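Inside the fold
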Amino acid sequence: MSETTITENKNQSESNSDNKQSAFILVRQENGIAHLVMDVVGETMNTLKAEFSDQISAMLKEIREDASITGVVLLSGKADSFVAGADITMLDDCESAAQATALSRQAQIIFDQLENLKIPVVAAIHGACLGGGLELAMACHARVCSDSSKTALGLPEVQLGLLPGGGGTQRLPRLVGLQKSLDMMLTGKQLRAKQALKAGLVDEVVPQSILVQVAEELALSGKFGKKRQLTLMDKLLEGNSLGRKVVYDQARKTVLAKTKGNYPAPLKIIDCIKAGIEKSPAIGFQTEADHFGELVMSPESKQLRQLFFATTEMKKEQGVAGVAAADIHKAAVLGGGLMGGGIAFVTATKAKVPVRIKDINHKGISHALKYSYDILNKRVKRRFMRHSEMQKQLANITGTVEFTGFKGVDIVVEAVFEDLSLKQQMVLDIEKHCKESTIFASNTSSLPIGKIAEKAARPENVIGLHYFSPVDKMPLAEIIAHEKTSDETISTTVAFAKKQGKTPIVVKDKAGFYVNRILAPYMNEAANILLAGEGVDKIDHALVNFGFPVGPLQLLDEVGIDVGSKIGPILQAELGERFTPPAAFSKLIDDSRLGKKANKGFYLYGKKAKKGKKQVDESVYSLLNISLKPQLSEQEIAERCVYMMLNEAMRCLDEGIIRNARDGDIGTIFGIGFPPFLGGPFQYIDTLGADKVVAKLNHWANLHGERFKPCDALVNLAEQGKSCYQ
């Protein structure tokens, strides 16, 4: 096809969109196939915007009126992505559910026009094909995708408190079946190419080099729409209304068990699918649009979208504005324990940086290597990864019991025991065996970085890099700079954490840093409530229903009761009596009741535990001299614990422990699982109103003591009628 023809088509597209440069270009081929190319100008990835509606309509009209076009291949003009989804910023402009519903109907109508073209339309997918991008692809008559690891297909809208609003709830079940579509939409799960082929979501998987060629051949042949192979169980559960009722009921039960009713989107997704299958497609599409409108205006979705924007913004920021990060070509980890193994794993597999593990014995190194092997081998068994790729990634991790191979290391992450003198010695060892520019990053959870750097010859290279366990799953990292840490060290460490797949927040060097500091009063209050006679399971149940992934007492079991007991005195010594842990809890340590790792804690573990629901170890009550006398409602239990966290978070903001409220909210959501639908402690204070938080804290202070006294910053916020984000 000639350059002149391309230019003519491009010019026509521009005139159809009020002289704006079109995101869509129609390129006719000599074989009768036209390439409909999406390439949003000025963007690195394609996203769907409301203003593209007229552009797509104009293109479809041109295709319908041109008899020489016998088929269409829809593809992306971007190098490594198809369509990453809809531009969700447009949802913030909606002032009512009706406006959001109208956006959904607009998308449905456009995709319906595409689906109803009389000639074959094939989507050629390479890279991210998510949300509205997959809805666009599903409106085509067939889909071919590349076998690249960059290719992923999914409908992740539920993670933003939304549902697919462009017909996704109706088209996905037709392609992959009821059960698979529920699994994908209720979790936001993404499928790789081979998984998508197996599920029936795509018709072919081919190398990227022949992707467009195969898509053209498929369009020319008109032979597509392969029917999904149904198992006997699929036929029993999906082929009749009684079987489908079982599926809907089970999905609803599972959703409520996981969300505790705090997230409305999953139930509405089930409702949309059910309406389309059990009533009619037309009712299904209208139900989808109506529910989409309601969800856009819901407080849960607004907070989840705000969280998405905040984390996206944070990813673009440097550690210190205007200070570039140094390159990291080689890393090392001191300590082959659980944390060391996890840090080595994310360094080698996510950051793609060779990492050397140093431990005092070979057994520690073996444990660290096994950490990575176990995770990667599981991916190989599930066919998410080739065995050769696993070997390649494992080759990036080496070990030593001395300091051989440390000379060229750019950053060393220390993950040894919480012992100040030991960590100070580690600093001196690294300064002796590494180059002058090597960064020493301590994974301490409580010791001041300034003290760790006290004996250092180059204190400007010492910084805190606090990960959360398990390292391969928890997304947060706290970056702790002491007074002498250089700006370049901060920026480099932030960039390194991002390469590891972490969301880093820079915090001040003070006891507990940020996350552990605000977690301590929350945990202490749960302990106080327990000692007053409320049951372990009731307390945990109250906080899980509030929205936390696990309750505070189960969390203490998971982290280790001994770990909590070590942090408490450090916080109390530096921050005051409000951090005093209940004295009775020392009996837990004396009883060797250290939590899950010791098979002995607040809950039963090992042989004593029965399968299924977690069971409280009733002997803990007699050990702590607790006489159960339940008096509090679950709401009051949850509020007393959470409001202690809110109060301490406000102190941290006031003292400059965190840079701003946004970092504080992201830190608690990603670090300790604060309910995302509430937006974090500062968003939650703004939602409740600072005056109401102060009033409740004062009420409890009168009943239970000074620990509930609202901090000055919170009182001032209430008196001035301001919000945390102002």
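So, how was this worked out
- Each chain carries its own residue numbering, running from 1 in the written order of its sequence.
- At least 70 in pLDDT is required for a residue's local features to be given in this predicted model, at least 80 for side-chain atom pairs to be given and counted, and no such filter applies to totals for whole chains, interfaces and linings, which use all residues.
- Only hydrogens and water are removed before side-chain values are computed, so all heavy atoms of the structure are retained for them.
- Secondary structure is summarised from DSSP: a helix means a run of H or I of at least four residues, a strand means a run of E of at least two, and numbering begins at the N terminus for each.
- Computation of the radius of gyration draws on C-alpha atoms alone. For the globule rule, the value is 2.2 Å times the number of residues to the power 0.38.
- Only protein chains enter the accessibility calculation, which uses a 1.4 Å probe; a residue is then buried when its area is under 20% of its type maximum, exposed when over 50%, and partly exposed in between.
- In this analysis, two residues are considered to be in contact whenever any of their non-hydrogen atoms come within 4.5 Å of each other.
- Note on areas: Shrake-Rupley, 1.4 Å probe, and residue coverage restricted to the protein chains presented here.
- Here the aromatic set is Phe, Tyr and Trp, taking the six-membered ring for Trp, and pairing holds for ring centres within 6.5 Å; pairs whose planes are under 30 degrees apart are stacked, those over 60 apart are edge-to-face, and all others are tilted.
- Should the NZ of a Lys or the CZ of an Arg lie within 6 Å of a ring centre and within 35 degrees of the ring normal, that charge is described as sitting over the ring.
- Any two strands between which DSSP finds at least two bridges are classified as paired.
- Only the stretch in contact is used when a helix axis is fitted, and all axes are lines through C-alpha atoms; the angle between N-to-C directions ranges over 0 to 180 degrees.
- A carboxyl oxygen of Asp or Glu within 4 Å of a side-chain nitrogen of Lys or Arg is what we treat as a salt bridge.
- In this analysis, the protein atoms alone were mapped onto a 1 Å grid. Cavities are point sets where a 1.4 Å probe fits without being able to get out; pockets are open sets with protein on both sides within 12 Å along at least five of seven lines; lining residues have an atom within 4 Å of a point.
- Grid points are joined across faces, edges and corners, and a volume is the space filled by probe spheres set on the points.
- Residues are grouped as follows: Ala, Val, Leu, Ile, Met, Phe, Trp, Tyr, Cys and Pro are nonpolar; Asp, Glu, Lys and Arg are charged; all remaining types, including Gly, are polar.
- Only residues whose relative accessible area exceeds 30% and that take part in no salt bridge are eligible for patches, with like-charged residues grouped when within 9 Å of each other and nonpolar side chains (Val, Leu, Ile, Met, Phe, Trp, Tyr) grouped when within 5 Å.
- One number per residue, pLDDT, summarises how confident the predictor is, and it ranges from 0 to 100.
- Residues belong to one nonpolar core when they are buried, are Ala, Val, Leu, Ile, Met, Phe, Trp, Tyr or Cys, and are joined through side-chain atoms within 4.5 Å.
- For a crossing to be left-handed, the near helix must be turned anticlockwise from the far one by less than a right angle; the clockwise case is right-handed.

1. Overview of the overall build of the protein
- When helices and strands are counted, the protein shows 30 helices and 18 strands.
- Scaling as 2.2 N^0.38, a compact globule of 726 residues should have a C-alpha radius of gyration of about 27 Å, and the protein matches this with 28 Å.
- Based on the C-alpha atoms only, the size of the protein along its principal axes is roughly 85 × 60 × 55 Å.
- A buried classification covers 54% of the 726 residues belonging to the protein.
- For the protein, the proportion of contacts with a sequence separation of at least 24, taken over those separated by at least 6, is 73%.
- Of the accessible surface of the protein, which amounts to about 32200 Å², a share of 53% is contributed by carbon and sulfur atoms.

2. Side note on the packing of aromatic side chains
- In the structure shown here, the tally under the stated rule is 13 aromatic pairs.
- Between Phe-403 and Phe-406 the ring centres are 5.3 Å apart and the planes differ by 80°, which places this aromatic pair in the edge-to-face class. By the burial criterion, Phe-403 is buried, and Phe-406 matches it.
- Look at Tyr-522 and Phe-548: their rings are 5.1 Å apart centre to centre, the planes differ by 35°, and that puts the pair in the tilted class. Taken together, the residues Tyr-522 in helix H20 (residues 515-531) and Phe-548 in the loop between helix H21 (536-546) and helix H22 (552-559) connect sequence positions 26 residues apart.
- Through pairs of rings, three or more aromatic residues link up here, namely Tyr-522, Phe-546, Phe-548, Phe-674 and Tyr-684.
- Its end group placed over the ring of Phe-403, Lys-358 keeps NZ or CZ at 5.0 Å from the ring centre.

3. Quick word on the sheet that holds strand S3 (residues 71-76)
- Read across the sheet, 6 strands follow the order S1-S2-S3-S5-S7-S10 without closing on themselves; strand pairing throughout is mixed. The open sheet has two edge strands, strand S1 (24-28) and strand S10 (204-206), and neither has a second partner. Neighbour-to-neighbour, the strand axes of this sheet turn through a mean angle of 20°, independent of strand direction.
- The strands that helix H2 (residues 52-65) touches are S1, strand S2 (33-38) and S3; relative to S1, the one it contacts most, it runs at about 15°.
- Against the sheet, helix H8 (residues 211-221) makes contact with S2, S3, strand S5 (121-125), strand S7 (142-146) and S10, and its axis sits at roughly 165° relative to S7, the strand it touches most.

4. What about the pairing of strand S17 (residues 476-481)?
- Counting buried positions along S17 yields 6 of 6 residues, so the element is predominantly enclosed.
- Covered by surrounding structure in S17 are Leu-476, Glu-478 and Ile-480 together with Ala-477, Ile-479 and Ala-481, the residues of both alternating faces.
- Relative to S17, strand S16 (residues 462-467) runs antiparallel, the two sharing 4 bridges. Bridge pairing in S17 places Leu-465 opposite Ile-479.

5. Points about the pattern of salt bridges
- Per the stated rule, a full pass over the model turns up 34 salt bridges.
- Where Arg-517 meets Glu-655, a salt bridge forms, and the shortest distance between an N and an O atom there is 3.0 Å. In this pair, Arg-517 is assigned in helix H20 and Glu-655 in helix H26 (residues 634-655), connecting sequence segments 138 residues apart.
- When its relative accessible area of 0% is taken as the criterion, Arg-517 is described as buried.
- Accessibility expressed as a relative area gives 28% for Glu-655, which makes it partly exposed.
- The closest approach of N and O atoms between Arg-651 and Glu-648, which form a salt bridge, is 3.0 Å. One end of the pair, Arg-651, and the other, Glu-648, are both in helix H26, 3 residues apart, so they sit about a helical turn from each other. No difference in accessibility class separates Arg-651 from Glu-648, as the two residues are buried.
- Three or more residues are tied together by salt bridges with common partners; here these are Lys-510, Arg-517, Arg-578, Glu-648, Arg-651 and Glu-655.

6. Description of empty space enclosed by the protein
- This structure, assessed with the given rule, holds 5 cavities of 30 Å³ or more.
- Volume-wise, the largest cavity comes out at about 90 Å³.
- What lines the largest cavity is simply Met-314, Glu-317, Gln-318, Gly-319, Val-494, Lys-498, Pro-504, Ile-505, Val-506, Arg-659, Arg-662 and Asp-663.
- Listed by contribution, the elements that provide at least two residues to the lining of the largest cavity are helix H19 (487-499), strand S18 (503-508) and helix H27 (661-672).
- Counting residues per element, the lining of the largest cavity draws most heavily on S18, which supplies 3 residues.
- For the lining of the largest cavity, a count of residues per class yields 5 nonpolar, 2 polar and 5 charged.
- As a volume, the second largest cavity reaches approximately 80 Å³.
- Lining of the second largest cavity is provided by Val-427, Ile-430, Glu-431, Cys-434, Lys-435, Glu-436, Thr-438, Phe-440, Arg-458, Asn-461 and Val-462.
- Considering every element that reaches the lining of the second largest cavity, the biggest residue donor is helix H17 (residues 420-433), with 3 residues.
- Looking at the lining of the second largest cavity residue by residue, the class counts come to 5 nonpolar, 2 polar and 4 charged.

7. With respect to a nonpolar patch on the surface
- Taken together, the side chains of Leu-232, Met-233 and Leu-236 present a nonpolar region at the surface, about 340 Å² in accessible area.
- One can find Leu-232 in helix H9 (residues 232-238).
- Judged by relative accessible area, which is 64%, Leu-232 ranks as exposed.

8. Quick word on the confidence of the model for the protein
- Mean pLDDT over the protein works out to 93, with 97% of the residues at or above the 70 mark.
- In the predicted structure, residues 1-19 sits below a pLDDT of 50 and forms 22 contacts with residues beyond four places in sequence or in another chain.

9. Topic: the nonpolar core
- In terms of nonpolar packing, the biggest core is built from 93 residues, with Tyr-514, Leu-530, Phe-602 and Met-650 touching the most fellow members.
- Per-element tally for this core: the top contributor is H26, with 12 residues.
- Not counting residues within four places of it along the chain, the set of residues in contact with Tyr-514 comprises Glu-478, Ile-505, Val-507, Ala-649, Cys-652, Ile-657, Ile-658, Gly-664, Gly-667, Thr-668, Pro-681 and Phe-682.

10. Digging into the packing of H20 against H22
- Close contact between H20 and H22 brings their axes to 9 Å; oriented N to C, the two are set at 115°. Here H20 runs over H22; the crossing is left-handed. Of the residues in H22, those touching H20 at Leu-519, Tyr-522, Met-523, Ala-526 and Leu-530 are Pro-552, Leu-553, Leu-555 and Leu-556.
- A breakdown of the residues in the contact of H20 with H22 according to their chemical character gives 9 nonpolar, no polar and no charged.

11. Here's the deal with unusual backbone geometry
- The linkage connecting Ser-469 with the following residue, Pro-470, adopts the cis geometry, with an omega of -5°.
- Relative to the helices and strands, Pro-470 is located in the loop between S16 and S17.
- One non-glycine residue, Ser-592, lies in the positive phi region at around 60°.
- Within the secondary structure, Ser-592 sits in the loop between helix H24 (586-590) and helix H25 (619-623).
- By relative accessible area, Ser-592 is classed as partly exposed at 46%.

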